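The primary structure of each chain is shown beneath.
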Amino acid sequence: MTETTKPLLAALKGGHPDRTPIWLMRQAGRYLPEYRALRAQANGFLDLCYTPDFATEVTLQPLRRFDLDAAILFSDILVVPHGLGQKVWFVEGEGPKLEPLTGTAALDALDLAAMAEKLKPVYETAARVKAALPAGKALIGFAGAPWTVATYMLEGGSSRDFLKAKRWAYGDPDGFQRLIDLLVDATVQHLEAQIAAGAEAVQIFDSWAGALDEDAFERWTVAPIRAIASRIRANHPDVPITGFPNRAGTLYESFALHAGVDAVSIDPTWTVEAIARRLRPHVAVQGNLDPGRLVAGGPDMIRRVRAICDRLAPMGGFVFNLGHGVLPSTNPDHVAQVVEAVRAADADRV
(Lines give C-alpha, C1' and ligand atoms only; values in the text may rest on other atoms or scores of the structure.)
Protein backbone atom coordinates (compact mmCIF):
# COMPACT_ATOMS: atom_id res chain seq x y z
CA MET A 1 0.00 0.00 0.00
CA THR A 2 1.42 3.38 -1.00
CA GLU A 3 1.24 6.56 1.08
CA THR A 4 -1.49 7.96 -1.17
CA THR A 5 -3.71 4.92 -0.80
CA LYS A 6 -3.67 4.85 2.99
CA PRO A 7 -7.35 5.12 3.98
CA LEU A 8 -6.88 8.12 6.27
CA LEU A 9 -4.97 10.17 3.70
CA ALA A 10 -7.43 9.35 0.92
CA ALA A 11 -10.43 10.34 3.05
CA LEU A 12 -8.90 13.61 4.23
CA LYS A 13 -8.44 14.56 0.59
CA GLY A 14 -12.11 13.88 -0.08
CA GLY A 15 -11.76 10.39 -1.51
CA HIS A 16 -13.61 7.11 -1.02
CA PRO A 17 -11.12 4.65 0.53
CA ASP A 18 -11.96 0.96 0.64
CA ARG A 19 -12.77 1.22 4.34
CA THR A 20 -13.83 4.01 6.68
CA PRO A 21 -10.70 5.29 8.41
CA ILE A 22 -10.87 5.63 12.17
CA TRP A 23 -8.62 7.14 14.79
CA LEU A 24 -9.50 8.83 18.08
CA MET A 25 -8.31 12.09 19.56
CA ARG A 26 -6.31 11.27 22.72
CA GLN A 27 -6.27 7.62 21.70
CA ALA A 28 -3.00 7.32 23.62
CA GLY A 29 -3.38 8.19 27.27
CA ARG A 30 -4.62 7.52 30.76
CA TYR A 31 -7.44 5.12 29.87
CA LEU A 32 -4.83 2.52 28.82
CA PRO A 33 -3.12 0.55 31.60
CA GLU A 34 0.05 0.25 29.53
CA TYR A 35 0.20 4.04 29.29
CA ARG A 36 -0.20 4.42 33.05
CA ALA A 37 2.60 1.94 33.63
CA LEU A 38 4.95 3.85 31.34
CA ARG A 39 3.86 7.22 32.70
CA ALA A 40 4.97 6.09 36.17
CA GLN A 41 8.53 5.74 34.85
CA ALA A 42 8.73 9.30 33.52
CA ASN A 43 9.80 12.30 35.54
CA GLY A 44 6.64 14.27 34.84
CA PHE A 45 4.46 14.77 31.77
CA LEU A 46 6.92 16.92 29.82
CA ASP A 47 9.61 14.31 30.37
CA LEU A 48 7.23 11.78 28.84
CA CYS A 49 6.76 14.04 25.81
CA TYR A 50 10.47 14.85 25.43
CA THR A 51 11.88 11.34 25.86
CA PRO A 52 11.66 9.63 22.45
CA ASP A 53 11.79 6.12 23.94
CA PHE A 54 8.72 6.90 26.05
CA ALA A 55 6.82 9.02 23.53
CA THR A 56 7.33 6.54 20.68
CA GLU A 57 6.02 3.69 22.79
CA VAL A 58 2.99 5.69 23.95
CA THR A 59 2.18 6.74 20.37
CA LEU A 60 2.19 3.13 19.18
CA GLN A 61 0.31 1.56 22.10
CA PRO A 62 -3.22 2.14 20.71
CA LEU A 63 -2.32 0.60 17.35
CA ARG A 64 -1.25 -2.59 19.09
CA ARG A 65 -4.65 -2.88 20.78
CA PHE A 66 -7.04 -1.61 18.12
CA ASP A 67 -7.47 -1.75 14.34
CA LEU A 68 -6.99 2.01 13.92
CA ASP A 69 -5.88 3.67 10.71
CA ALA A 70 -3.50 6.24 12.16
CA ALA A 71 -1.21 7.10 15.01
CA ILE A 72 -1.16 10.66 16.30
CA LEU A 73 2.17 11.82 17.64
CA PHE A 74 2.20 11.80 21.43
CA SER A 75 3.03 15.32 22.52
CA ASP A 76 1.16 18.41 23.73
CA ILE A 77 0.09 21.72 22.23
CA LEU A 78 2.03 23.55 24.96
CA VAL A 79 5.43 22.38 23.77
CA VAL A 80 5.30 25.43 21.46
CA PRO A 81 5.23 28.07 24.21
CA HIS A 82 7.69 25.94 26.17
CA GLY A 83 9.96 25.83 23.12
CA LEU A 84 9.66 29.60 22.77
CA GLY A 85 10.99 30.01 26.29
CA GLN A 86 7.88 30.37 28.44
CA LYS A 87 7.87 28.43 31.70
CA VAL A 88 5.44 25.49 31.41
CA TRP A 89 4.77 22.68 33.85
CA PHE A 90 2.05 20.15 34.57
CA VAL A 91 0.41 19.50 37.94
CA GLU A 92 -1.04 16.04 38.48
CA GLY A 93 -4.81 16.27 38.73
CA GLU A 94 -4.86 19.96 37.72
CA GLY A 95 -3.36 20.11 34.25
CA PRO A 96 -0.99 22.60 32.61
CA LYS A 97 0.41 25.67 34.31
CA LEU A 98 2.33 28.51 32.65
CA GLU A 99 4.06 31.63 33.89
CA PRO A 100 1.63 34.12 32.31
CA LEU A 101 2.71 36.68 29.77
CA THR A 102 1.88 40.18 30.95
CA GLY A 103 1.84 42.28 27.78
CA THR A 104 3.71 43.11 24.61
CA ALA A 105 7.01 43.59 26.44
CA ALA A 106 6.92 39.93 27.47
CA LEU A 107 6.89 38.92 23.80
CA ASP A 108 10.46 40.15 23.41
CA ALA A 109 11.66 37.36 25.70
CA LEU A 110 10.21 34.65 23.44
CA ASP A 111 12.74 33.15 21.03
CA LEU A 112 11.48 31.48 17.87
CA ALA A 113 15.03 30.75 16.73
CA ALA A 114 15.66 28.56 19.79
CA MET A 115 12.46 26.51 19.46
CA ALA A 116 13.68 23.99 16.89
CA GLU A 117 16.55 22.83 19.07
CA LYS A 118 14.38 22.55 22.18
CA LEU A 119 11.80 20.46 20.35
CA LYS A 120 14.23 18.10 18.60
CA PRO A 121 13.12 15.17 20.81
CA VAL A 122 9.55 15.60 19.50
CA TYR A 123 10.73 15.32 15.91
CA GLU A 124 12.93 12.35 16.74
CA THR A 125 9.84 10.65 18.14
CA ALA A 126 7.95 11.35 14.91
CA ALA A 127 10.73 9.75 12.87
CA ARG A 128 10.83 6.69 15.11
CA VAL A 129 7.07 6.24 14.97
CA LYS A 130 6.97 6.57 11.19
CA ALA A 131 9.63 3.88 10.87
CA ALA A 132 7.69 1.54 13.16
CA LEU A 133 4.19 2.01 11.73
CA PRO A 134 2.43 -1.06 10.35
CA ALA A 135 1.59 -1.04 6.67
CA GLY A 136 -1.42 1.09 5.78
CA LYS A 137 -1.28 3.20 8.94
CA ALA A 138 -0.61 6.93 8.74
CA LEU A 139 1.16 9.27 11.14
CA ILE A 140 -0.63 12.47 12.17
CA GLY A 141 1.29 15.47 13.46
CA PHE A 142 -0.44 18.29 15.30
CA ALA A 143 -0.26 21.67 16.94
CA GLY A 144 -2.53 23.98 18.87
CA ALA A 145 -4.07 26.89 16.99
CA PRO A 146 -2.69 30.34 17.78
CA TRP A 147 -5.81 31.52 19.63
CA THR A 148 -5.94 28.49 21.91
CA VAL A 149 -2.20 28.52 22.63
CA ALA A 150 -2.37 32.27 23.29
CA THR A 151 -5.08 31.76 25.91
CA TYR A 152 -2.86 29.38 27.86
CA MET A 153 0.10 31.73 27.55
CA LEU A 154 -1.90 34.66 28.94
CA GLU A 155 -4.21 32.96 31.43
CA GLY A 156 -1.46 30.79 32.93
CA GLY A 157 -3.45 27.61 32.31
CA SER A 158 -7.02 26.63 31.52
CA SER A 159 -9.76 29.22 31.91
CA ARG A 160 -13.53 29.50 32.01
CA ASP A 161 -13.92 33.06 30.78
CA PHE A 162 -10.59 33.82 29.00
CA LEU A 163 -10.80 37.40 30.22
CA LYS A 164 -7.05 38.07 30.18
CA ALA A 165 -6.83 36.96 26.57
CA LYS A 166 -10.03 38.74 25.54
CA ARG A 167 -9.10 41.95 27.33
CA TRP A 168 -5.91 42.12 25.29
CA ALA A 169 -7.42 40.87 22.02
CA TYR A 170 -10.43 43.21 22.16
CA GLY A 171 -8.77 46.15 23.88
CA ASP A 172 -5.46 46.19 21.98
CA PRO A 173 -5.95 44.08 18.85
CA ASP A 174 -2.77 45.34 17.20
CA GLY A 175 -0.70 44.34 20.23
CA PHE A 176 -2.43 40.98 20.44
CA GLN A 177 -1.77 40.48 16.74
CA ARG A 178 1.97 40.45 17.52
CA LEU A 179 1.48 37.36 19.69
CA ILE A 180 -0.75 35.69 17.12
CA ASP A 181 1.74 36.38 14.32
CA LEU A 182 4.54 34.88 16.40
CA LEU A 183 2.42 31.80 17.06
CA VAL A 184 1.59 31.46 13.35
CA ASP A 185 5.32 31.40 12.59
CA ALA A 186 6.01 28.98 15.45
CA THR A 187 3.16 26.67 14.44
CA VAL A 188 4.27 26.51 10.83
CA GLN A 189 7.83 25.74 11.94
CA HIS A 190 6.61 23.07 14.36
CA LEU A 191 4.29 21.35 11.89
CA GLU A 192 6.82 21.43 9.04
CA ALA A 193 9.42 19.85 11.32
CA GLN A 194 6.96 17.06 12.11
CA ILE A 195 6.28 16.59 8.39
CA ALA A 196 10.01 16.45 7.66
CA ALA A 197 10.30 13.75 10.32
CA GLY A 198 7.51 11.64 8.83
CA ALA A 199 4.06 13.08 9.62
CA GLU A 200 1.74 12.45 6.67
CA ALA A 201 -1.18 14.59 7.83
CA VAL A 202 -1.51 17.37 10.39
CA GLN A 203 -4.28 18.60 12.64
CA ILE A 204 -4.63 22.08 14.17
CA PHE A 205 -6.54 22.05 17.45
CA ASP A 206 -8.43 25.25 18.31
CA SER A 207 -9.86 23.89 21.54
CA TRP A 208 -11.21 27.26 22.72
CA ALA A 209 -12.54 28.59 19.40
CA GLY A 210 -16.04 28.46 20.86
CA ALA A 211 -15.17 31.25 23.31
CA LEU A 212 -15.05 33.85 20.50
CA ASP A 213 -17.80 35.94 18.94
CA GLU A 214 -18.26 36.18 15.18
CA ASP A 215 -15.80 39.02 14.50
CA ALA A 216 -13.14 37.66 16.85
CA PHE A 217 -13.56 34.16 15.42
CA GLU A 218 -12.72 35.46 11.95
CA ARG A 219 -9.66 37.38 13.12
CA TRP A 220 -8.24 35.09 15.81
CA THR A 221 -9.31 31.60 14.62
CA VAL A 222 -9.99 31.59 10.88
CA ALA A 223 -7.33 34.04 9.68
CA PRO A 224 -4.37 32.53 11.61
CA ILE A 225 -5.28 28.96 10.63
CA ARG A 226 -5.69 30.06 7.02
CA ALA A 227 -2.21 31.58 7.14
CA ILE A 228 -0.75 28.39 8.61
CA ALA A 229 -2.53 26.16 6.08
CA SER A 230 -1.45 28.32 3.15
CA ARG A 231 2.21 28.21 4.13
CA ILE A 232 2.22 24.47 4.80
CA ARG A 233 0.42 23.72 1.55
CA ALA A 234 2.92 25.77 -0.42
CA ASN A 235 5.73 23.49 0.73
CA HIS A 236 3.82 20.24 1.30
CA PRO A 237 0.86 20.15 -1.11
CA ASP A 238 0.19 16.44 -0.54
CA VAL A 239 -0.13 16.67 3.26
CA PRO A 240 -3.79 16.93 4.33
CA ILE A 241 -4.57 19.62 6.91
CA THR A 242 -7.42 19.23 9.39
CA GLY A 243 -8.77 22.05 11.54
CA PHE A 244 -10.75 21.58 14.76
CA PRO A 245 -12.65 24.74 15.84
CA ASN A 246 -14.13 23.11 18.92
CA ARG A 247 -17.62 24.27 20.01
CA ALA A 248 -17.74 26.91 17.27
CA GLY A 249 -21.45 26.28 16.66
CA THR A 250 -22.79 27.94 13.51
CA LEU A 251 -19.35 29.46 12.89
CA TYR A 252 -18.19 26.02 11.75
CA GLU A 253 -19.58 26.83 8.31
CA SER A 254 -17.45 29.96 7.98
CA PHE A 255 -14.45 27.96 9.12
CA ALA A 256 -15.09 25.25 6.53
CA LEU A 257 -15.39 27.85 3.78
CA HIS A 258 -12.57 30.19 4.70
CA ALA A 259 -9.91 28.51 6.89
CA GLY A 260 -8.16 26.86 3.95
CA VAL A 261 -8.09 23.36 5.46
CA ASP A 262 -8.78 20.06 3.71
CA ALA A 263 -10.87 18.64 6.53
CA VAL A 264 -12.78 19.78 9.61
CA SER A 265 -13.02 17.82 12.84
CA ILE A 266 -16.49 18.27 14.33
CA ASP A 267 -17.60 18.37 17.96
CA PRO A 268 -20.62 16.36 19.18
CA THR A 269 -23.12 19.25 18.97
CA TRP A 270 -23.61 18.84 15.21
CA THR A 271 -26.23 16.46 13.80
CA VAL A 272 -25.10 14.09 11.10
CA GLU A 273 -27.63 15.61 8.72
CA ALA A 274 -26.23 19.11 9.28
CA ILE A 275 -22.70 17.79 8.75
CA ALA A 276 -23.75 16.10 5.52
CA ARG A 277 -25.61 19.12 4.11
CA ARG A 278 -23.72 22.12 5.45
CA LEU A 279 -20.08 21.02 5.90
CA ARG A 280 -19.29 17.99 3.74
CA PRO A 281 -19.90 19.80 0.44
CA HIS A 282 -16.98 22.11 1.27
CA VAL A 283 -14.43 19.96 3.16
CA ALA A 284 -13.78 16.42 4.29
CA VAL A 285 -15.27 15.78 7.72
CA GLN A 286 -14.11 13.96 10.84
CA GLY A 287 -16.08 13.02 13.94
CA ASN A 288 -18.17 13.22 15.94
CA LEU A 289 -19.11 10.63 18.59
CA ASP A 290 -19.57 12.14 22.06
CA PRO A 291 -16.69 10.90 24.26
CA GLY A 292 -19.24 10.38 27.03
CA ARG A 293 -20.89 7.69 24.93
CA LEU A 294 -17.53 5.96 24.72
CA VAL A 295 -17.38 5.97 28.52
CA ALA A 296 -20.93 4.64 28.87
CA GLY A 297 -20.66 2.00 26.16
CA GLY A 298 -23.57 -0.29 25.43
CA PRO A 299 -26.16 -0.52 22.63
CA ASP A 300 -26.77 3.24 22.47
CA MET A 301 -23.10 3.83 21.74
CA ILE A 302 -23.18 1.33 18.89
CA ARG A 303 -26.40 2.81 17.48
CA ARG A 304 -24.81 6.24 17.46
CA VAL A 305 -21.68 4.94 15.71
CA ARG A 306 -23.89 3.37 13.05
CA ALA A 307 -25.93 6.55 12.59
CA ILE A 308 -22.77 8.57 11.97
CA CYS A 309 -21.22 6.01 9.61
CA ASP A 310 -24.37 5.19 7.67
CA ARG A 311 -25.01 8.85 6.80
CA LEU A 312 -21.49 10.16 6.25
CA ALA A 313 -19.32 7.27 5.03
CA PRO A 314 -21.16 6.82 1.68
CA MET A 315 -20.38 10.47 0.84
CA GLY A 316 -16.63 9.89 0.98
CA GLY A 317 -14.28 12.34 2.58
CA PHE A 318 -15.17 10.97 6.01
CA VAL A 319 -13.02 9.90 8.97
CA PHE A 320 -14.67 8.40 12.03
CA ASN A 321 -13.50 9.97 15.28
CA LEU A 322 -14.78 11.39 18.52
CA GLY A 323 -16.09 14.92 18.91
CA HIS A 324 -13.29 15.49 21.42
CA GLY A 325 -10.64 13.37 23.15
CA VAL A 326 -10.93 9.98 24.85
CA LEU A 327 -11.74 10.51 28.53
CA PRO A 328 -9.50 8.90 31.19
CA SER A 329 -12.37 6.82 32.62
CA THR A 330 -13.02 5.09 29.29
CA ASN A 331 -13.02 1.28 29.25
CA PRO A 332 -10.63 0.13 26.48
CA ASP A 333 -13.13 -2.57 25.56
CA HIS A 334 -15.52 0.17 24.45
CA VAL A 335 -12.91 1.47 22.01
CA ALA A 336 -12.60 -2.01 20.53
CA GLN A 337 -16.40 -2.18 20.20
CA VAL A 338 -16.50 1.17 18.36
CA VAL A 339 -13.84 0.02 15.90
CA GLU A 340 -15.78 -3.21 15.35
CA ALA A 341 -18.98 -1.24 14.74
CA VAL A 342 -17.30 0.97 12.14
CA ARG A 343 -15.95 -2.09 10.35
CA ALA A 344 -19.38 -3.76 10.50
CA ALA A 345 -20.99 -0.68 8.99
CA ASP A 346 -18.55 -0.91 6.10
CA ALA A 347 -19.31 -4.59 5.61
CA ASP A 348 -23.05 -3.97 5.53
CA ARG A 349 -22.66 -1.44 2.71
CA VAL A 350 -20.79 -3.87 0.46
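Residues numbered from 1 in each chain as written. Predicted model: local features only at pLDDT ≥ 70, side-chain atom pairs only at ≥ 80, totals over all residues. Heavy atoms only, no water.

Of the pockets and cavities examined, the largest pocket occupies roughly 1300 Å³. Around the largest pocket, the lining is made up of 40 residues, and of these R26, R30, F45, D76 and F90 lie nearest the centre. When contributions to the lining of the largest pocket are tallied by element, the ones reaching two or more residues are α2 (33–39), β2 (88–91) and β3 (95–98). Sorting elements by how many residues they give to the lining of the largest pocket places α2 first, with three residues. Taken together, the residues of the lining of the largest pocket sort by class into 22 nonpolar, eleven polar and seven charged. In terms of lining, the second largest pocket is formed by 14 residues, of which the most central are P17, T20, A313, D346 and R349. Across the lining of the second largest pocket, the residue classes break down as five nonpolar, five polar and four charged. (1 Å grid on protein atoms, 1.4 Å probe; cavity = no way out; pocket = protein on both sides within 12 Å on 5 of 7 lines; lining within 4 Å. Points joined across faces, edges and corners; volume = space filled by probe spheres on them. Helix = DSSP H or I, 4+ residues; strand = E, 2+ residues; numbered from the N terminus. Nonpolar A, V, L, I, M, F, W, Y, C, P; charged D, E, K, R; others polar.)

The description of two aromatic rings rests on the distance between their centres and on the angle between their planes. One pass over the structure, following the stated rule, counts twelve aromatic pairs. Centroid distance F162 to W208: 5.3 Å. Interplanar angle 50°. Geometry classified as tilted. With a gap of 46 residues between them, F162 in the loop between α9 (146–155) and α10 (163–171) and W208 in the loop between β5 (201–206) and α12 (214–235) connect regions that are remote in the sequence. Ring pairing ties together the aromatic residues Y35, F45, F74 and F90, which thus form one cluster. One residue, K87, lies across the ring of W89, its end atom 5.2 Å from the ring centre. (Phe/Tyr/Trp six-rings, centres within 6.5 Å; stacked < 30°, edge-to-face > 60°. Lys NZ or Arg CZ within 6 Å of the ring centre and 35° of its normal.)

Moving on, we come to the nonpolar core. For soluble globular proteins, nonpolar side chains are generally found buried alongside one another. Grouped together as the largest cluster of nonpolar side chains are 131 residues, with contacts concentrated most on L8, F74, F176, L179, F320 and V338. By residue number, the principal contributor to this core is helix α11 (residues 173–197), which donates eleven residues. Not counting residues up to four positions away in its chain, the partners in contact with V338 are I22, L289, L294, M301, V305 and F320. (Core = buried A, V, L, I, M, F, W, Y, C linked by side-chain atoms within 4.5 Å. Buried < 20%, exposed > 50% of the residue type's maximum accessible area, 1.4 Å probe, protein only. Contact = heavy atoms within 4.5 Å.)

A few words now on the UniProt feature "domain: Uroporphyrinogen decarboxylase (URO-D)" (unreviewed entry) in the chain. Per the UniProt entry, the sites bearing "domain: Uroporphyrinogen decarboxylase (URO-D)" (unreviewed entry) are residues 21–30 and 140–156 in this numbering. Here residues 21–30 is 0% helix and 0% strand, with 23 Å between the C-alpha atoms at its ends. (UniProt positions renumbered as here; feature names shortened; annotations may be inferred.)

That bond from G287 to N288 is cis: its omega, -15°, falls within 30 degrees of zero. Note on placement: N288 falls in strand β8 (residues 284–289). Phi at F162 is positive, roughly 55°, even though this residue is not glycine. Positive phi, normally seen in glycine, also occurs at R247, with a value near 60°. Counting through the fold element by element, R247 comes out in the loop between β6 (241–245) and α13 (252–258). When its relative accessible area of 48% is taken as the criterion, R247 is described as partly exposed.

Spatial ordering of the open sheet is given by β1-β4-β5-β6-β7-β8-β9, a layout of seven strands whose pairing is parallel. The sheet is open, and its two borders are formed by β1 (70–72) and β9 (318–322), each paired with just one other strand. Here the strands of the sheet are splayed against their neighbours by 25° on average, with no regard to which way each runs. Where strand β4 (residues 138–144) and β5 come together, five bridges link them in parallel fashion. Looking at the pairing, G144 lines up with F205 of β5. (Pairing = 2+ DSSP bridges. Axes fitted to C-alpha atoms, helices over the stretch in contact; angles between N-to-C directions.)

This part is about the environment of G298. Here G298 shows up in the loop between α15 (291–296) and α16 (299–312). What makes G298 partly exposed here is its relative accessible area of 31%.

Glancing now at α16. In this model α16 runs 20 Å from its N-terminal to its C-terminal C-alpha over 14 residues, within 8% of the 20 Å that 1.5 Å per residue would give. When α16 is considered as a whole, its buried residues turn out to be M301, V305, I308, C309 and L312. Across the axial projection of α16, the buried residues extend over an arc of 90°, all falling on one side. In α16, those exposed residues whose orientation departs by more than 90 degrees from the buried face are P299 and R303. The inward-facing, buried residues of α16 contact α14 (272–279), β8, α15, β9 and α17 (332–349). (Expected span 1.5 Å × (residues − 1). Arc of directions from axis to C-beta.)

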